[in-house]
Structure formats: C-alpha cells, structure tokens
Amino acid sequence: MLEKYRQELFDCSRCGFCRVWGWSGVENVCPTYPFTAGWETHYARGRVRLAQATLDGEVEITEHLLEHAYVCTLCSSCEAHCPVDLPLTEIFHAWRQDLAEAGHTLPEHERMINLMKRYLNPYGPKMDEPEVEEPQPARVLYYPGCTTTRMAPEIVEAVTSSLGKLGIDFALFQEDTCCSIPLYEIGQMSEAGEIARQTLELIDAYEPEVLLTTCPACYRAFRSIYPEELGLTVDCDVQHITEFLLPRVPDRVIEVVKKVTWHDPCILGRHLDMYDEPRELLKAIPGLELVEMHSNRENALCCGAGGGVYFAAQRTARDAVGARLEQAEATGAEEIVTSCPNCHVRFRQGTRIQRMELRAKSIAEIIDEALEAKRDPEDEER
Amino acid sequence: MNQERVRERLAEIVGEEHVTDEAFVRLTYTRDFGTQPPRWPAYVVRPGSTEEIAEILKLATDLQIPVSPRGGGSAQEGGCQSEGGIVLETLRLDRILEIDEDTGTVTVEAGITFGKLMNELEERGWKIGIAPSGALAGTVGAHLSRPGVGWGNIKYVSQGEQVIGVKAVLPTGEVVETGTAANPAADSFFRYALGPDLAGLFIGAEGAFGIVTEATLRMYPWPKKIYLERYIGSDLPDAIDIFRQIALHDLVCYISVPVIKPDMVLFDVNVEGDEIEVEYRIEKIRGIISAYESVTYEGPEAPQAFWDYRWFNTGEEFKQGIAGAVNYFLPFEKLEEATYVMREIIERHGVKEYAQQMFPEPTGSEHVSLLFHHPDDQEEHEKIQRALDEMMDRALALGGAPYSKGRQWGPHLERHLGDTGYWGTLKALKQVLDPSHIMNPGVLGL
C-alpha cells in the first residue's frame, strides 16, 4: 500500500511545519507530540522519514518503533497544515496496513483485535446481556455504534427521545457490534473487512432506507470506507445526526439559555468537511450562545483518542484531552459539545478528573433538551 | 567508554526519556531541510535546562565526543548534523522567560519557535524585529546562530542586530552571560556594555564556540498599520537601483524579491508605522519607482493575502522539492552580475527547477539561489551538489559573504579565507574555547 504513495512520501520538504505552530489559532499541529518524549519520530516529519525507511527496508521494525508510529490519532491536522499538501493521513494509514500485513502489531492492539474477532466490538462481552429482539423492517435505523452503546448510553437515550418528539418512526439497532473503524485505523484491513461484513448483515436485517449515525467514525465507515475500501455495498442513505436533524429541528426548539462551545471531531471536520451543520443546529436553539475555542474548525485540536492511541498510549491520550479541555474552559462555556462518542467520553472523564465546572455534552443531548414535546400526530413525520 | 556507558552518562544528566541511541530515532536526525548528505549521530539528547547542557558539554569534552546543537532542523546547510557524535536538540527549552515592557525586551530560551514567541507578543501588542521564513519550525537559538535575517531585513537588519544579550554554554561547561547581564547584579538591558561584545562571538557562529541557551531580544510596539504593495519589473538593474534607494532612505520594513527571472523581477514592499508615517513612506517609495518605466504597480491585494498567512505561505514554495541553497550577502552594485553568474552555473549543470531571489538589507542584499529536486532523484541531486559547489566558490570570489554556512560552506570558506587574519583569529578562538574540538566540528570550516 505504501508503495502507492512513494512519490508523495518523498515530496516531503522536511520543513517541520507539522509539529507546533503556536500561531494563527493553531496550537499543537500534532495533538499528541507535546505529550510524548518529543522525538522527531513523534510527529509527521519523522514518521514520514520512518515510512520511507520502512518502504525501502532501511530500518528494523521493533516494538518501540511501532509505539512511535502508532501514537498518532490520524486526526489529519498535519495534513491540513502541510504547506506542500502531502496526503499524510492516507500515507500513515497505508504505512499501518503494510506493517500489519507484515505481522507487526502492538500488544495493546493485538488485545483489541482479539476482542473484536470474538465479540464484534473492542470492549468485550456485556456484563448484563440484554435480550435482542428479532429485527423488524424500519425506514429509519439508528445505529449508535459500540462506543456510544457501551460508554455513552445517554446519547442513545437522547436520540431515542428526540426522534420520538419529532414523531419519527425508527428502529434502534440492538447489537453492540462495531463498524470496524478501530481495526481499519490500525491498518488491520482483512479483520476490519470481516467485522464490517458481519455488522452490515445485521444492519441489512432491518431493511432501512436511512441509516442514522451519531458517531462520526461509524458515519464515515458506512458512507465511504465500506464501499470504497472494503468492497461492501451499503444499500441505504447514511446520515449523520446533525444533517438528519438540521431540516427538522429549527421550528421545534424552545429556549435553552446556556453558553456552549463546539468541538469539531476530527472525522466529522477534517475528514468529512462537516463544520457548519452542527454549528447551524446549535445556533437554531434560542438562548443558546455558541462560542468558539481558540483552535476550531480545521485547526481544532484532536481529543487524542483516535487512530488506536486510546488503546496503545492512554497517558498520552489523557494529556491530549486535557489540552483541548483547557481551550474549552478558556471560552467561559458551561458545556463542551460534540457529536463523537469517543471525544465525548474522554471529555466527560477529563472534566471529572480535572474537577472542572465545564461539562461534556453530546449534541444529541442538547437537541433533546431543546426540543419541545411531541406535537399533534397530524404534524408528525411518518 | 563504550556506547551504552555514554548513553547511561547522558541519561544521568537529562533522564532516560530524553536521550536515545536507537537507530530508528537517530535516522530522523540525519538530515536537515537541505541537500547535505545524511550524517548519523551516535546519540540524540534533549536537555531541558542550561545546567543540563553544561553537564553534557563537560562530559563531551571529557570524552571528546562532538556535539551539534539543533533547533527545529529547518536550516539547509547541514549545520545541525553530526557524524558519530551527539545531536543536542533544544526544543525542550521553549519558554518565554520575561517580557519587559519597560525596557522593550523579551528574554527567551533558545528552543522557542518564532511562531509561539510572536503570537505571545502580538497578543500583548508587541512584536520582534525579524523572523525567518521557517518561523513555525525555526527556533530563536538556531536563527541567531546563522545569524538570522528574514522578514524585517531593512528596518531591523538581522536577528543578531536585535540581540541585547545571550546566555551561552562553552564547551568546557562554563556558562557565559553577555552585555549588561555579565554583571551578576544586572539584567540584560544593553548589549554594548562592560568590555568587548561577547554576544557577537555566538551570533552567526553556528555553535562552533558554544551553545546559546537564552537570548534577550528587542521588541517593539505592534505598528498601527502594516501596508504592502507589489511591483513587477522587467529590467533587473532598474529593480536593484530601486532597492538601493528604498534601503538607503530607510523607507520600508522589508523588501521581498521572491521571483527573479530573465525578464521579470517581482517584489513586495512592506511598510509599517502609524497612518501618517505609512502614507509618507509609500508616497516616497512610489516617487522613487515612478521614475522607472520598466516597473509596473500591481497593487496591495496579493502581497496582503500572502502577509495574512505569511508563515504558512513561506513553506509553499517547497512544493517544487527539497532545495539546495546558496545564500550570501553582496553590495547592491554586484547583485546583477551575481544573478547572471549563478544562473549560468545552474543552467550549465542542467538543474531542472530553481529559483533566484533577493532580500535587500540596508547596505546590500542577501542573494538567494534555491535548486529544487525530488529527493528520490539521485541524478538531479548529484547535479545540484556539483552546481552548489561551483556557486559557493564563485560567490566568494565575487565578494560574497555567506549567510547560513553549515557544513556546506566549510571547505569553501577555508579555501578562500585560510590566509586571512580573520580566519587565523577564528582558529585561535576555537583553540582557546574548544580545545577538544567538540563543538559542532565542520561548521564554518572550523
């Protein structure tokens, strides 16, 4: 895979602009670099050099090298701030595929792979396994995704409540199978493809016309990774909760007086260019004041958990989320709002650990808070 | 002492986390931003204080291990490389130590990047005089060591000119403060005090005499107005004459001449000050330029757009590839000849992609040639190396004086200056200050 990017790999001018700017709203270009030992190999310039060396067999692949390679969230900030326009995220993903194919895996990732193979999610079995009802055909299927189901059930409750208030007929995907993005991100393509195939089979049993997601990673998986990289056909209209709600919510919300700041999840923002929809949704709520963090939109700091970092380098991930929360706190907002369950869970943990007054909220919860009660059935959408 | 024992001794100074001899990490410190061949350090160390640097240099002197300081690794002449020695990366020394609004000075650690420093000052309504093109990666310590020209060349001359004082560690581990700060009872507020200007020993020295760990720079109130205009000329001598007059009358913050082609010279002028001052200066500049029919006014839009995102935009020219650079100062009267001479050499060697540029100073100009190549193209790389070698010799013969020297210029400098008193003095200073010859050997030709 990396061979495909040979030209681009050697287009790197070695300028070093992918490390830390401290200028123009861009703090740490690489969100994890400041929380590592800080070697060249801990940010994009050095990783590009390592990828070149891997391609040409110049370097021995050790576990320590893998640790440096994988303390990268694939957040695309380096790519967004690269003056020579290198496709750095694709390069690093291709590098991971080559490493994985050659059998080089971090032990922490190996554990996650095994859990995924056995339980179809990276968290293992549920303590209390609920009974799963036979899937019934539904026009709208809400797929919460494994992290939301396991770690942030409040998002599921909020979406369920909101769809109910809007009078939308929908089914809730009952399994906690993963979209396979965690495997995809660490380059384990064949395992990712197998999990994805099984997940898609379960989804297809509902025969949905609209597949509704809250997690940006699931959204990206169904929308582009399944068809474009895993050879799977998704036979429904995949929508993210923000784009789904945007045309339905504005005349249904009541005043909510609070000050919030929006965190652009890397996948929703830099990967999928969806910066405006969530902001428009929040601005539609009367009384709600939306304030921006110092680094926002394409400059937004990553929460530090993506790309397998949460599994392999938890301390770095925790420190990186702290940096983002400091930016949120500096806005004076009461709540940091996002749509990614991964970011949301880290924010929730981080605000508690740091005893912040700032609270973490998902956009689904905010919308549910603002949505007025169910209208007359004649006005409802079927 | 074996390699592992040396690593352990370094780890005792900086901590295990901040030293490495692992091959895959060292690999990423073998090159800089230019075309010098890779050089493999035996160790990379990332100290966090002046005291740690002093201990490292003492150890290196004892064991006779060469040490090369490195900032952001974004220079082009191989000055931060080390073959078999220690690369000492300064990026952990990244604090602003004091912003003194009474004296108009800012004291920083050497490893702070310009992006961070300038942003912090701008938020407080201040600015520094000069910053390099690679401001987002480049550090103050590295810039001083070259000796630091950039955006602000005419009004502020060079980073060296902006220095009030430095703190430096000698190869023996002794710590030296310069200017008023040499008095233990005083701060750094005036450079030319006490005895000789010892700061000058470290400015432009590329770490040959020691490692600068802190610097106090002048800072200035953020100007009320910054205005830019672009011009395009078709006649190089006319353009150079314009640069000379603008510089002589001290009318601009800087003139940037990013494109010089056989029939085109593109240049931007940057003027700063209050409204009336800017208006006055622009009127004078337009008055000078209006006498030359070969030059057309292109307006403020394009240079203003460049300025707004300037520190990012400077990186974009390297879409053409990695650049071998030959940068040197010349008096205005020799710029035209140098442009033709360098172009002839570049084209004779068949180099495919290159750029010629100028960045005028008050009393002359930096003349720049950038020879681009894709680093996977070995044939082009070899052509470029041959061209660079010839260009450096010709530049010195023309009366040029290089800006950033690194290892690239070393042999050429020794050949051209070897018999001079200047060279003899440099060698004598090196012998006295660095008798074990551990400080960045090879730079400056020392």
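Parameters and conventions
Residues numbered from 1 in each chain as written. Chains lettered and ligands numbered in written order. Predicted model: local features only at pLDDT ≥ 70, side-chain atom pairs only at ≥ 80, totals over all residues. Helix = DSSP H or I, 4+ residues; strand = E, 2+ residues; numbered from the N terminus. Rg over C-alpha atoms; globule rule 2.2 N^0.38 Å. Buried ≥ 20, exposed ≤ 12 C-beta atoms within 10 Å, placed from the backbone. Contact = placed C-beta atoms within 7 Å. Expected span 1.5 Å × (residues − 1). Pairing = 2+ DSSP bridges. Axes fitted to C-alpha atoms, helices over the stretch in contact; angles between N-to-C directions.

1. Quick word on the overall build of chain B
Part 1 of the argument: Assigned secondary structure in chain B consists of 16 helices and 18 strands.
Part 2 of the argument: In terms of overall dimensions, chain B is globule-like: its C-alpha atoms have a radius of gyration of 22 Å, near the 22 Å expected for 446 residues.
Part 3 of the argument: Overall, the C-alpha framework of chain B stretches about 70 × 55 × 40 Å when taken along its three principal axes.
Part 4 of the argument: Burial analysis of chain B (446 residues in total) assigns 53% to the buried set.
Part 5 of the argument: Considering only contacts in chain B between residues 6 or more positions apart, those separated by 24 or more positions represent 70%.

2. A closer look at helix H3 (residues 50-63) of chain B
All names here are of chain B.
Part 1 of the argument: Look at H3: 20 Å from first C-alpha to last across 14 residues, which is about the 20 Å you get at 1.5 Å a residue.
Part 2 of the argument: Those residues of H3 not exposed but buried are Glu 52, Ile 53, Ala 54, Ile 56, Leu 57, Leu 59, Ala 60 and Thr 61.
Part 3 of the argument: Where H3 terminates, the next one or two residues include Gln 64, which has phi positive at roughly 55°.

3. Some points on the environment of His64(A)
Residue and element names in this part refer to chain A.
Part 1 of the argument: Structurally, His 64 can be placed in helix H3 (residues 63-70).
Part 2 of the argument: We classify His 64 as partly exposed; it has 13 C-beta atoms within 10 Å.
Part 3 of the argument: C-alpha of His 64 to C-alpha of Leu 106: the two residues are 42 residues apart in sequence and 9.1 Å apart in space.

4. Things to note about the sheet that holds strand E4 (residues 237-240) of chain A
Note on sheets: strands pair through backbone hydrogen bonds, and any given pair is parallel or antiparallel.
Residues and elements named next belong to chain A.
Part 1 of the argument: The strand order across the open sheet built from 4 strands is E2-E1-E3-E4, with neighbouring strands paired in parallel fashion. Two strands in the sheet have a free side with no partner beyond their single neighbour: strand E2 (170-172) and E4. Taking each pair of neighbouring strands and ignoring which way they run, the sheet shows an average axis angle of 25°.
Part 2 of the argument: Summarising the sheet, strand E1 (residues 140-143) and E2 pair through 3 bridges and their orientation is parallel. Along E2, the bridge assignment pairs Tyr 142 with Leu 172.

5. Things to note about the sheet that holds strand E1 (residues 19-20) of chain B
All names here are of chain B.
Part 1 of the argument: Pairing is mixed in the open sheet, where 4 strands are placed in the order E1-E2-E4-E3. Either end of the sheet is taken by a strand with one partner, and the two such strands are E1 and strand E3 (67-70).
Part 2 of the argument: Sheet topology note: the E1/strand E2 (residues 43-45) ladder contains 2 bridges and is antiparallel. Bridging across to E2, Val 19 finds its partner in Val 45.
Part 3 of the argument: Of the strands in this sheet, E1 and E2 are in contact with helix H1 (residues 3-14), which crosses E2 at around 0°.

6. Focus: unusual backbone geometry
Part 1 of the argument: Cis rather than trans, the peptide bond between Arg146(B) and Pro147(B) has omega equal to 25°.
Part 2 of the argument: In the Ramachandran plot, Arg14(A) falls in the positive-phi region, its phi being about 65° despite a non-glycine side chain.
Part 3 of the argument: With respect to the helices and strands, Arg14(A) occurs in the loop between helix H1 (6-9) and helix H2 (44-55).
Part 4 of the argument: A positive phi angle is found at Arg355(A), which is not glycine, with a value near 50°.
Part 5 of the argument: Its place among the elements puts Arg355(A) in the loop between helix H17 (341-353) and strand E8 (359-362).

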